[in-house]
Amino acid sequence: PIAYLTYERWCMIVAEGISHKPLPLSLLTTYNDSRPARPIPDLLRFFGSARRQGQPEERDTHEPLLKTLDLHFSNTPLAPHSERWISKTQNEVKVLPTAPQHGDFVLNNLAVSEPRLVIFVWEEYGQVALRGLDLATLAISVWGFNFDTMRALADPKASLGAPMTAFLRRACEQCGIEFVLFR
């Protein structure tokens, strides 16, 4: 960093800028496992590195995420679905493996600076430790946060398309989670 400044509750880091381009959506939707296009190997390594960093074995690390989801959806049309999902899965989520997550791993926070992947917006890093959350967030953002597609992601019988399924399987391997559990 060039400079670091704290002001009231704000912490700011000033760093040298880099020339970059948005990560093309087509790199994920046309993924070829035998010949992944740059910077997909970097993206897969990111998922693997989070797994290797791990977290302490405290299983209550997922509780803040569940509370945040509950608050976020409480006054929306998705509230009944959210409440049902949280009550159904909260005990299962507590025993899932942990790994620090970026927390906002969406397409517009990913870019390419030849030949490497650039990841932006790190202020939420490590606040959530639910392994696979970044991958799920990325997959949902690839599909434009479309509700029907999000539902298909959770349905093991639904087709996600061969390239995306191959990418998700490979990323799940890197995350250290089973693809079936991810879905």
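Look a little higher up for the structure.
Residues numbered from 1 in each chain as written. Predicted model: local features only at pLDDT ≥ 70, side-chain atom pairs only at ≥ 80, totals over all residues. Heavy atoms only, no water.

Draft legend 1. Representation of the packing of aromatic side chains within the structure. Here the structure, examined in full by the defined rule, presents six aromatic pairs. Ring geometry for F47 and F105: centres 5.6 Å apart, planes at 65°, overall edge-to-face. Taken together, the residues span a long stretch of sequence, with F47 in helix 2 (residues 40-53) and F105 in the loop between helix 4 (79-94) and strand 4 (110-113) at a distance of 58 residues. Using a relative accessible area of 0% as the deciding quantity, one classes F105 as buried. In textbook terms, an aromatic cluster arises when at least three aromatic residues are bridged by ring pairs, as seen for F46, F47, F105, W122 and Y125. (Phe/Tyr/Trp six-rings, centres within 6.5 Å; stacked < 30°, edge-to-face > 60°. Helix = DSSP H or I, 4+ residues; strand = E, 2+ residues; numbered from the N terminus. Buried < 20%, exposed > 50% of the residue type's maximum accessible area, 1.4 Å probe, protein only.)

Draft legend 2. Structural context of the sheet that holds strand 4. Across the sheet, three strands lie side by side as 3-4-5; this open sheet has antiparallel pairing. Edge strands, defined here as strands with exactly one partner in the open sheet, are strand 3 (21-22) and strand 5 (116-119). Where strand 3 meets strand 4, two bridges bridge the pair, whose relative direction is antiparallel. The residue bridging K21 from the neighbouring strand is V112, located in strand 4. (Pairing = 2+ DSSP bridges.)

Draft legend 3. The arrangement of the state of the cysteines in detail. If you walk through the whole model with that rule in mind, you get zero disulfides. No disulfide involves C172; its sulfur sits 6.1 Å from the nearest other cysteine sulfur, which is in C175. Residue C172 is classed as buried on the basis of its relative accessible area, which comes to 1%. (Disulfide = S-S within 2.5 Å.)

Draft legend 4. Expanded view of the nonpolar core. The biggest cluster of nonpolar side chains holds 34 residues, and the ones touching the most others in it are L28, L43, F47, L135, L138, F167 and L168. Every element with two or more residues in this core is listed here: helix 1 (26-29), helix 2, strand 4, strand 5, helix 5 (133-142), helix 6 (147-154), helix 7 (162-175) and helix 8 (179-182). Here L135 is in contact with F47, F167, L168, A171, C172, C175 and F182, once residues within four sequence places are set aside. Core analysis: the second largest hydrophobic core is formed by five residues, V93, V128, L130 and L133 among them. (Core = buried A, V, L, I, M, F, W, Y, C linked by side-chain atoms within 4.5 Å. Contact = heavy atoms within 4.5 Å.)

Draft legend 5. Just the pattern of salt bridges, in detail. This structure, assessed with the given rule, holds four salt bridges. In this structure, R38 engages D42 in a salt bridge whose closest nitrogen and oxygen atoms are separated by 3.5 Å. Judged by its relative accessible area of 42%, R38 falls in the partly exposed class. Put simply, D42 and R45 hold a salt bridge, and the shortest N to O gap is 2.3 Å. One end of the pair, D42, and the other, R45, are both in helix 2, three residues apart, so they sit about a helical turn from each other. Residue R45 is classed as partly exposed on the basis of its relative accessible area, which comes to 44%. Within the structure, one salt-bridge network assembled from shared partners comprises D33, R170 and E173. (Salt bridge = Lys/Arg side-chain N within 4 Å of Asp/Glu carboxyl O.)

Draft legend 6. Layout of helix 5. Across the ten residues that make up helix 5, a large majority, ten, are buried. Along helix 5, the residues that are buried comprise L133, D134, L135, A136, T137, L138, A139, I140, S141 and V142. Following helix 5 by one or two positions, G144 has its phi on the positive side, about 70°.

Draft legend 7. Just a nonpolar patch on the surface, in detail. A contiguous nonpolar patch, built from L5, Y7, W10 and M12 and spanning about 480 Å² of accessible area, is present on the exposed surface. Elements that contribute at least two residues to the nonpolar patch include exactly strand 1 (3-7) and strand 2 (10-14). Topologically, W10 is positioned in strand 2. On the accessibility criterion, W10 (57% relative accessible area) is exposed. (Patch = residues over 30% accessible without salt bridge, like charges linked within 9 Å, V, L, I, M, F, W, Y side chains within 5 Å. Areas by Shrake-Rupley, 256 points an atom, 1.4 Å probe, with all protein chains shown as cover.)

Draft legend 8. Molecular detail of the layout of surface pockets. Its volume calculated, the largest pocket comes out at about 2000 Å³. Taken together, 41 residues make up the lining of the largest pocket; nearest its centre are L69, W85, L133, A136 and I140. For the lining of the largest pocket, the element with the highest residue contribution is helix 4, accounting for nine residues. When the residues that make up the lining of the largest pocket are grouped by side-chain class, the tally is 24 nonpolar, nine polar and eight charged. Size it by volume and the second largest pocket reaches roughly 280 Å³. Here the residues of the lining of the second largest pocket are counted per class, giving five nonpolar, no polar and one charged. (1 Å grid on protein atoms, 1.4 Å probe; cavity = no way out; pocket = protein on both sides within 12 Å on 5 of 7 lines; lining within 4 Å. Points joined across faces, edges and corners; volume = space filled by probe spheres on them. Nonpolar A, V, L, I, M, F, W, Y, C, P; charged D, E, K, R; others polar.)

Nothing here speaks to function; it is geometry throughout.
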